[in-house]
Amino acid sequence: MVNAFGLAYPSALHAYPTSRAIEMSHMASHLGTQASATYDAQNRVTLRKSRNDLPSRRRTAAALSLALASLSLDIRCPVVIDVQALAMVELSAEQNLIVEAWAVVQRGYVDQNFGGLDWKSIKAEYLKRQYKSMGAARAGVSEMLGRLGDKYTRYLSPGAYAALLAKYEQPADYGGIGVTLRNVPVVGRAGSVEIVSVVKGGPAATSGMRVGDVIESVDNIAVSDSTSADDVAGLLLGRLDEELNVRVRRTDGTNNELRMKRTVIKAGEAEALSALSEEGGRVGVLKLRSFSASVGGQGTIESMKALLEEEPLASADKLIIDLRGNLGGHFPSGVEAAKLFLPADVTVVYTVDRTGAPSPIVTFEAGKYVNMRRPIYLLVDRGTASAAEVFAAALQANRAALVVGEQTFGKGLVQSIQKLTDNSAVVLTVAKYRTPKGNDINGKGVKPDLPVLCSADTSPLVCLELAFSANSDTYHIRA
């Protein structure tokens, strides 16, 4: 068995040798219980705790750890400590949260060196603290995870976890305002919370909220540069038809108070449009706002398939897949979406786990839309990240599409969400990924084939025509 401090023990703990039974009684005083120390026929010293004087179930195994550290040691005889009762000692709820979060990192974090930290010592440090409430313990967990120096590994409060599930893991209807958020990084803090996309016709768009707005408060609850985008999403999501007051700061520095009501936001995150090009051909546009898992037969993949097989996309001469403002979401969905457009036996992406060994994810059969016989263009910007970058890089590297727009965000890490017993969660970086050509895009992004600056409110067709005009010398190579 292993206790909360990582000390392995059977029915008794074999410690280092000692020479005096009185030192064993000293250990007993640390444990807060009566004990006797005796020598056996093999000159083994045994400390036994009184069965009638067990420590409180709220007392942690820290006492044992401190007691062991206090012993003066020599080499004359082994020690056997009866710790049968200690197997039943449990941590306080606050300490248990610390241990749970610590163990999630210990088991799965991508960096086995933990950024150079002594991760076991970190656990002991945070368990020694006095937590007067679960709120204090949660703050401790957040601080502990921050020590790793990985901005993507973070703690989610119960409310933030529920908001994240509503956005990515539960594509059923939920009450929101129709925006995608991200933190603009600030050294040592989460950074301001910025709007990176606005759902057309949603409450946010109707109220006048724009891409680039920074949220300063929600219903008079201030949003600081230490507030995560997940927490702000938790404030924005909630009961349908409730009115919200959101204060935003514009890119020109002015402030606006916007009022809106939550409404049903369809989480398929896919939308189909159509337009005529200058040459008279019809261009279909598939807008993907994020990648969500399939739950109850609904998700990004299902939405994509349904729209691609219907008008106006089914017979379009060209297809633009608009990934602007798409921060990713569900990594496997990004991979599966890419497979729809790729031939058999090609690499979609490489994942690199904590051992450092790259593992390819490959296609075993041709995707449903490989032989569409029409050019595909992926429209990206600096808000295109994570699973959306996996999708874009896979199609680009396998010559299935041209990437158009700005250099993307550059998030080449894969996270897993681990739920804790208090309904909070740890978002943990569990792997890195490489493009099919082996490139690490973390902090670099995907470089477009046809670079062009194109604002979020510019139509996809106009963006594509601007890209052709700006890159006329190279366009013919891939057209």
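Preceding this paragraph is the structure being described.
Note that the structure is predicted; figures quoted are calculated from it, not measured.

### A short note on unusual backbone geometry
Line of reasoning, step 1. Between Glu311 and the following residue, Pro312, the backbone shows a cis peptide bond with an omega angle of 15°.
Line of reasoning, step 2. Its location among the elements puts Pro312 in the loop between helix H9 (300–308) and strand E16 (318–322).
Line of reasoning, step 3. You will see that Arg373, though not glycine, has its phi angle at about 55°, which is positive.
Line of reasoning, step 4. Considering the arrangement of structural elements, one finds Arg373 in the loop between strand E18 (358–362) and strand E19 (376–380).

### Observations concerning helix H4 (residues 119–127)
Line of reasoning, step 1. Buried within H4 are the following residues: Trp119, Ile122, Lys123, Tyr126 and Leu127. When H4 is viewed along its axis, its buried side chains cluster within an angular range of 125° and face the same direction.
Line of reasoning, step 2. Tucked inside the fold, the buried residues of H4 contact helix H3 (93–108) and helix H5 (134–146).

### Observations regarding the state of the cysteines
Line of reasoning, step 1. Here the structure, examined in full by the defined rule, presents one disulfide.
Line of reasoning, step 2. The disulfide that involves Cys454 links it to Cys463, with 1.5 Å between the sulfurs. Its torsion about the S-S bond being -60°, the disulfide of Cys454 and Cys463 is classed as left-handed. Exposure class is identical for Cys454 and Cys463. Each is buried.

### Focus on empty space enclosed by the protein
Line of reasoning, step 1. Throughout the structure, instances matching the rule amount to one cavity of 30 Å³ or more.
Line of reasoning, step 2. Looking at the largest cavity, its volume works out to about 30 Å³.
Line of reasoning, step 3. In terms of lining, the largest cavity is formed by Ile320, Tyr377, Leu378, Leu379, Val404, Pro460 and Leu464.
Line of reasoning, step 4. Of all elements in the fold, only E19 and helix H12 (460–470) reach the threshold of two or more residues within the lining of the largest cavity.

### Points about the nonpolar core
Line of reasoning, step 1. Formed by 40 residues in total, the largest nonpolar core has its most connected members in Leu319, Ile321, Leu323, Phe341, Leu378, Phe391 and Leu395.
Line of reasoning, step 2. Looking at this core element by element, the count peaks at eight residues for helix H11 (residues 387–397).
Line of reasoning, step 3. Excluding residues that lie within four positions of it along the chain, Ile321 makes contacts with Leu286, Leu288, Phe341, Ile376, Tyr377, Leu378, Leu379 and Phe391.
Line of reasoning, step 4. Listed in part, the 26 residues of the second largest apolar core include Ala101, Val141, Val426 and Leu428.

The rules behind each value
- Residues numbered from 1 in each chain as written.
- Predicted model: local features only at pLDDT ≥ 70, side-chain atom pairs only at ≥ 80, totals over all residues.
- Heavy atoms only, no water.
- Helix = DSSP H or I, 4+ residues; strand = E, 2+ residues; numbered from the N terminus.
- Buried < 20%, exposed > 50% of the residue type's maximum accessible area, 1.4 Å probe, protein only.
- Arc of directions from axis to C-beta.
- Contact = heavy atoms within 4.5 Å.
- Disulfide = S-S within 2.5 Å.
- 1 Å grid on protein atoms, 1.4 Å probe; cavity = no way out; pocket = protein on both sides within 12 Å on 5 of 7 lines; lining within 4 Å.
- Points joined across faces, edges and corners; volume = space filled by probe spheres on them.
- Core = buried A, V, L, I, M, F, W, Y, C linked by side-chain atoms within 4.5 Å.

From the geometry alone we can't say anything about function, so treat these as descriptive.
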